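# Summary of the model geometry
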Amino acid sequence: MSERNRNTTVIAVGNQKGGVGKTTNTIQLAGALSERGRKSLIIDLDMTSGATKALRAPTEGWISSFELITDAENAEDTIITNDEPEVPLPPGVHLIPSSRKLAELDTFLAQNPWLVHQDLLIQPINRLRGLYDYIFLDTPPQKTKTTIPALKVADHAILSTMPDHLAVSAMAEALSDIVAAQRHANERLTLLGVIVCAVPKPKTRLARELAAYVERTCVDPQGCTLKFRTEISRSVAVQEAQKAGQTILQYQGDHPVADEYRLLAREFEERLALLRQAPPIPLIQEVPHA
Ligand SMILES: Nc1ncnc2c1ncn2[C@@H]1O[C@H](COP(=O)(O)OP(=O)(O)OP(=O)(O)O)[C@@H](O)[C@H]1O
Ligand SMILES: [Mg+2]
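Residues numbered from 1 in each chain as written. Chains lettered and ligands numbered in written order. Predicted model: local features only at pLDDT ≥ 70, side-chain atom pairs only at ≥ 80, totals over all residues. Heavy atoms only, no water.

With that settled, consider the overall build of the chain. For the chain, the count of helices and strands is 11 helices and 6 strands. Taking 2.2 N^0.38 as the reference for a compact globule, 290 residues should give roughly 19 Å; the C-alpha atoms of the chain span a radius of gyration of 18 Å, in line with that estimate. Burial statistics for the chain: of 290 residues in total, 56% are counted as buried. Put simply, 79% of the contacts in the chain that link residues at least 6 apart link residues at least 24 apart. Total accessible area on the chain is roughly 13000 Å²; 51% of this is exposed by carbon and sulfur atoms. Considering the chain, the positive charge centre built from 31 side chains and the negative charge centre built from 35 side chains are found 5 Å apart. (Helix = DSSP H or I, 4+ residues; strand = E, 2+ residues; numbered from the N terminus. Rg over C-alpha atoms; globule rule 2.2 N^0.38 Å. Buried < 20%, exposed > 50% of the residue type's maximum accessible area, 1.4 Å probe, protein only. Contact = heavy atoms within 4.5 Å. Areas by Shrake-Rupley, 256 points an atom, 1.4 Å probe, with all protein chains shown as cover. Lys, Arg positive; Asp, Glu negative; His and termini not counted. Charge placed at Lys NZ, Arg CZ, Asp CG, Glu CD.)

What the 6 strands build is an open sheet, ordered S3-S2-S4-S1-S5-S6; its pairing is parallel. Only two strands of the sheet have a single partner each, and these edge strands are strand S3 (93–96) and strand S6 (190–196). Strand-to-strand twist across the sheet, computed as the mean angle between neighbouring axes with direction ignored, equals 25°. Pairing between strand S5 (residues 156–161) and S6: 6 bridges, direction parallel. What sits directly across from His156, in S6, is Thr190. Relative to strand S4 (residues 134–138), helix H1 (residues 22–35) is tilted by about 165°, and along the sheet it contacts strand S1 (9–14), strand S2 (40–44), S3, S4, S5 and S6. Where helix H11 (residues 256–277) meets the sheet, it contacts S1, S4, S5 and S6, and its direction lies at approximately 165° from that of S6. (Pairing = 2+ DSSP bridges. Axes fitted to C-alpha atoms, helices over the stretch in contact; angles between N-to-C directions.)

Here Asn186 lies in the loop between helix H7 (167–184) and S6. According to the relative accessible area criterion, Asn186 is buried, its value standing at 3%. The spacing of Asn186 and Ala154 is 32 residues in sequence and 8.2 Å in space, taken between C-alpha atoms. With sequence-adjacent residues up to four places away left out, Asn186 is seen in contact with Leu151, Lys152, Val153, Ala154 and Ala181.

What follows covers the pairing of S3. The alternating pattern of S3 places Val93 and Leu95 and His94 and Ile96 on opposite faces, both of which are buried. Relative to S3, S2 runs parallel, the two being bridged by 4 bridges. Paired with Ser40 across the bridge in S3 is Val93.

Mapped onto the elements of the fold, Ser34 is located in helix H1. Only 2.8 Å separates the side chain of Ser34 from the backbone oxygen of Pro91, close enough to count as a polar contact. The contact partners of Ser34, leaving out residues within four places of it in the chain, are Pro91 and Gly92. (Polar contact = N/O pair within 3.5 Å; in protein donor to acceptor, adjacent residues only side chain to side chain.)

Residues in close proximity to ligand 1 total 18 residues, the closest being Val20, Lys22, Thr23, Thr24 and Gln242. Contacts to ligand 1 include Lys22, whose side-chain N or O atom sits 2.8 Å from an oxygen atom. Surface burial for ligand 1 is 79%, taken as the share of its 630 Å² of free accessible area covered by protein chains. Secondary-structure elements contributing two or more residues to the shell around ligand 1 are H1 and helix H9 (236–243). Considered class by class, the residues forming the shell around ligand 1 number 6 nonpolar, 9 polar and 3 charged. (Near = heavy atom within 4 Å. Nonpolar A, V, L, I, M, F, W, Y, C, P; charged D, E, K, R; others polar.)

It is worth spelling out the pairing of S1 at this point. In terms of burial, S1 is largely enclosed, as 6 of its 6 residues are buried. Across the two faces of S1 the burial is the same, with Thr9, Ile11 and Val13 and Val10, Ala12 and Gly14 all buried. Across 5 bridges, S1 lies against S4 in parallel orientation. Within the sheet, the bridge partner assigned to Val13 lies in S4 and is Asp138. Here S1 runs beside S5; their pairing, made up of 4 bridges, is parallel. Looking at S5, one finds that Ala12 is bridged to Ala157.

What follows is about the packing of aromatic side chains. All chains considered together, the criterion is met by 3 aromatic pairs. An angle of 40° between the planes, with centres 6.1 Å apart, marks the rings of Tyr134 and Phe136 as tilted. We note that Tyr134, like Phe136, is buried. Judged by centre distance (5.1 Å) and plane angle (70°), the ring pair of Tyr134 and Phe268 falls under edge-to-face. With Tyr134 in strand S4 and Phe268 in helix H11, this residue pair connects regions lying 134 residues apart in the sequence. One aromatic cluster is present, built from ring pairs that chain together Tyr134, Phe136 and Phe268. (Phe/Tyr/Trp six-rings, centres within 6.5 Å; stacked < 30°, edge-to-face > 60°.)

Structure follows, in structure tokens:
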């Protein structure tokens, strides 16, 4: 394993709603950050293994995020690196796959009454700090046994949303959860931004309304919007790349969506740089109703 000389930022990617681009954005953003020379680790915390499947890694029979969380294996030994011939990961992107064993977390907690559920990821992530620029925690929809420890350990959260009739109410719920996590578990947690993705072109009314809602409601205490300026367009090329087990940047590097992810990666790092200069501040004061 390489040296521990990186300043690791841990990002939880979420939204309680399913199928809103959490996994896709995590993988594509990590791929775009790799073009900028950054090294990322994606930890799949979803029992349904979205990131694991998208990256063509095995969902059974390999050491997984369950062993990481339960400290059953050395944290570094749970990582699939770019050197693994059976799993051709995108350059600069490593993975801790998930497995259905995550369903056994309840039993594990019941058998280990001294362990605190929300703290489960603190030690494992500390063991991985320094190895990566970014550790992305790809969380499942709904508040599950892995979402709560992810929000406890993360430095920042990113929300993902896409135009859909239920997207606005789901966003309000997702924001409430981040506020609750800040209040009860992790006062350092800040919402870094909201990615609006799979935006049809030309933009539908739904897409415009969602973008306006996010722009208006996801703001920091200075009133600056936390919506990422770069929106990701809907394109079959994203799904084709996923089928090929590649990022859109690898699959068709000159595709407009590849450029959007490059812009998003730049904006993501610019925001992080600004936050590093400023003292940490709670980023959402109050969640407006949908
Ligand atoms: N920009 C895009 N253009 C077209 N399709 C997209 C785009 N982004 C995501 N999708 C598709 O939307 C679907 C849902 O995306 P994804 O699996 O990333 O969402 P998710 O929030 O992680 O879902 P889950 O809640 O099930 O984990 C996938 O089929 C994915 O291919
Ligand atoms: Mg997913």
